[in-house]
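Breakdown of the fold
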Amino acid sequence: MNRLKKCAALAAAVSIVIGAAGCTKDYGRNDISDYVKETCGIRRFNVSRTSEKITSDKDEYTDYLWTVTEPDGTVFHVLDDYHWGMEALVNTLKTDYFDVHLINAYPQLPHNRLELEYELQNGLYWAELIGSFSSREQLLDELQELEDIHSSNLCPENVSYDLKFEYPYRVIGEYDSFVGDTIGNLSSPIDRAEAEEKMLLTCVDHQLSCRFEFSDEEIHAAVEGNTHQLVVRTDSGESIYYDDLCGDQFSYGVSFATLYELLERNGFHPEGTPEHYRVTAKDGTVYEISYSFRHPLLEHSEGMYYLKNNEIVDMDGYFYTHFHVTEIREMFGFEVYERWNLQ
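Residues numbered from 1 in each chain as written. Predicted model: local features only at pLDDT ≥ 70, side-chain atom pairs only at ≥ 80, totals over all residues. Heavy atoms only, no water.

Our next topic: helix α7 (residues 256-265). Most of α7 is tucked away: seven of the 10 residues are buried. Of the residues trailing α7, Gly267 is marked for its positive phi of about 85°. (Buried < 20%, exposed > 50% of the residue type's maximum accessible area, 1.4 Å probe, protein only. Helix = DSSP H or I, 4+ residues; strand = E, 2+ residues; numbered from the N terminus.)

What follows is about unusual backbone geometry. Positive phi outside glycine occurs at Asn158, with the angle close to 55°. With respect to the helices and strands, Asn158 occurs in the loop between α4 (136-151) and β9 (160-165). Phi angles above zero are rare outside glycine, and Asn309 is one such case at about 50°. As for its placement among the helices and strands, Asn309 is situated in the loop between β20 (303-308) and β21 (311-314).

Before going further, it helps to spend a moment on the state of the cysteines. Applying the stated criterion across every chain, the model contains one disulfide. Note that Cys203 is cross-linked by a disulfide to Cys210, the S-S spacing being 2.1 Å. As the torsion about the S-S bond is roughly -115°, the Cys203-Cys210 disulfide counts as left-handed. Grouping residues by exposure puts Cys203 and Cys210 together as buried. The cysteine Cys155 is free of any disulfide, with Cys40 supplying the nearest cysteine sulfur at 16 Å. For Cys155, a relative accessible area of 17% corresponds to the buried category. (Disulfide = S-S within 2.5 Å.)

For the rest of this paragraph, the subject is the packing of helix α5 (residues 192-205) against helix α6 (residues 216-223). Two numbers describe how α5 lies on α6: the axes approach to 10 Å, and their chain directions differ by 90°. Compared by their axis directions, α5 and α6 come out roughly perpendicular. Two secondary-structure elements touch here, α5 through Glu197, Leu200, Leu201 and Val204 and α6 through Glu218, Ile219, Ala222 and Val223. Among the residues forming the contact of α5 with α6, the class breakdown is six nonpolar, no polar and two charged. (Axes fitted to C-alpha atoms, helices over the stretch in contact; angles between N-to-C directions. Parallel < 35°, antiparallel > 145°, perpendicular 65-115°, else oblique. Contact = heavy atoms within 4.5 Å. Nonpolar A, V, L, I, M, F, W, Y, C, P; charged D, E, K, R; others polar.)

To continue, consider the sheet that holds β9. Ordered by their spatial adjacency, four strands build an open sheet running β7-β8-β9-β12, and the pairing between neighbours is mixed. Edge strands, defined here as strands with exactly one partner in the open sheet, are β7 (115-121) and β12 (182-185). Across the sheet, the mean angle separating the axes of adjacent strands is 25° when strand polarity is ignored. In the sheet, β7 pairs with strand β8 (residues 124-133) via seven bridges, with the strands oriented antiparallel. Along β8, the bridge assignment pairs Leu116 with Leu129. Packing against the sheet, helix α3 (residues 97-105) makes contact with β7 and β8, and its axis sits at approximately 55° to β8. Along the sheet, α4 makes contact with β8 and β9, crossing β8 at roughly 140°. (Pairing = 2+ DSSP bridges.)

Listed below in structure tokens is the structure:
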């Protein structure tokens, strides 16, 4: 077995990589040609006689960029990327073949809502289709558009996409949550049901009005059995599984808005709205909780907090809009859990 095979080949949908773990290889022009044939599936092309030395923008190592030209004049690149591989210096080959072809094909593809986003990173182009939706209808329109693009005979291979769910609490300071997004590659079938469920669970998490775009049956089907479904144990030992209340799908806990609903259902009667309310705990402590409670921090542009007897208490993370169930039990003295806590 030759050295290249011993160093193990790695493949990914967007940037297909061949490399070595714990060793480096001096790649020549013929190696680049073999890599292009194997990775890109093409036979007619011309590899530059020499590579260009470039300084990596992510580490101190020197990388080598090869230029490849197809018969129709299309130019793409192969990067011989040197980097630290946990225990030793390694180098891997990466190509922007698929990204370049997406950039070139985009103007002719059947698109309306979806935009092309691309940039040059360390000598290689990176590109993907970006969508933005705030309603179920918009999400379905963008999913259909992806399917239309995939069906087009002009659609290149390995097209990456990111459909971003825009809701009020997505961005806090430098943090940008992608919990409700649909991210994928057109090399795999589009799962409409999964995309809609991600949006639905995010709507339920924050008690957003968009949850009413789904039927009660759809909400219950998504929440029941979900690992973040909320459960309350009563004093009599009964466990109440709410089929319309769940925590954050990334395990941040219970949102401010869902906590309002949870408190209302368990006899605390918070004053205000799910976005801003005051509530008195069993021990007499008064809490005031609001999505608008944000103050400047030195290392971030804003930070979330709540009031405890009119005193500011910072959230555990500057972008947190959720309480963990352990915090809720300590604050309000009733037994609330996420389903996974009880398994």
